[in-house]
Amino acid sequence: MDNLKTQGISMPKLGLGTFRLQGDACRSAVESALSLGYRHIDTAEMYANEEPIGAALAAAGVPRSELHVTTKVWHENLAPDAIRRAFDTSLNKLKLDHVDLYLVHWPSPAANWGAVFETLMGLKEDGRTRAIGVANFTTSLLKTVVEDIKAPIACNQIEYHAMLDQSKVLAYLTAKSIPLVAYCPLAQGRIASDPVLAEIGAKHNATAAQVALKWLLDQNGVAAIPKASRRESQQANLDALKITFDDADRKKIAALPKDRRCVNPAFAPAWD
């Protein structure tokens, strides 16, 4: 599987998203994914599933050096002391001595970004997270973090899929050599019923979802973290990597409407 190199880490382009996975079902899903060869697991304190993920990681016996684990601090915990407390809690639940990537989950209008990133850099310097980054940041916020504060962010994780235009944010990230990690890469299931994607899929003996996922993973600097609780779905996402598009396929995908947002960015300023 291809990896993205960013700020000293190597992140597999295809990961497992775990939002809304809980308890034993979450643990089983992560154990299944690891057994299939997934090495990129994404979670967050807000998901309330770091504990079962930690149990799955411990049970799987995959060498720590092969794993990429991302977790995130919630927007209500962006004061320096609150960040440190949230990080300690996440690390304990995950049963790890470090994570690979620690993200600001959502921007907060009340945040002192200089203090936030000074704190995150402290965690990185202490070896407790290998890299830091952001999620749900607009281009204007990215400029503040990257150009004014000069924080070495390893990614921006945002909603991105074949039905949503993120060209402005993507252009900025690309110019700065910062990866985009796409959540909701299958538009929370909406992709599956799209007739254009289904038609392309039929041509390649694949599903509409596999087509949409490969379209993302074909892009330079883009990773994707589809949630998949069933082993069959996890395998189907891996199998999407085998698809090879031609120009006609890419033109049809480019022509799809790109205004289908699944997640309301209620905590963030208006997207620009």
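Worth saying up front: this structure is predicted, and the values here are computed from it rather than measured.

What counts and what doesn't
Residues numbered from 1 in each chain as written. Predicted model: local features only at pLDDT ≥ 70, side-chain atom pairs only at ≥ 80, totals over all residues. Heavy atoms only, no water. Buried < 20%, exposed > 50% of the residue type's maximum accessible area, 1.4 Å probe, protein only. Helix = DSSP H or I, 4+ residues; strand = E, 2+ residues; numbered from the N terminus. Pairing = 2+ DSSP bridges. Right-handed = clockwise from strand over helix to strand, strands pointing away. Disulfide = S-S within 2.5 Å.

Draft legend 1. Seen up close, the pairing of strand S9 (residues 180-183). A two-sided burial pattern is seen for S9, the buried positions comprising Leu180 and Ala182 on one face and Val181 and Tyr183 on the other. Pairing analysis gives four bridges linking strand S8 (residues 153-159) to S9, with the strands arranged parallel. Directly across from glutamine 157, in S9, lies its bridge partner valine 181. What joins S8 to S9 is helix H6 (residues 167-175), and the crossover it makes is right-handed. Alignment of S9 against strand S10 (residues 222-224), held across three bridges, turns out to be parallel. Within S10, the residue paired with valine 181 across the bridge is alanine 223.

Draft legend 2. Up close: the state of the cysteines. Counted according to the given criterion, the structure contains zero disulfides. Sulfur of cysteine 262: no disulfide; nearest cysteine sulfur belongs to cysteine 184 and is 5.2 Å away.

Draft legend 3. Representation of unusual backbone geometry in the model. Even without being glycine, lysine 150 reaches a positive phi, approximately 60 degrees. Tracing the sequence through the fold places lysine 150 in the loop between helix H5 (139-148) and S8. You can call lysine 150 exposed: its relative accessible area is 61%. The phi dihedral of cysteine 184 falls on the positive side, at around 50 degrees, and the residue is not glycine. By the element assignment, cysteine 184 lies in the loop between S9 and helix H7 (195-203). Judged by relative accessible area, which is 15%, cysteine 184 ranks as buried.

By themselves, these figures tell us nothing about what the structure is for.
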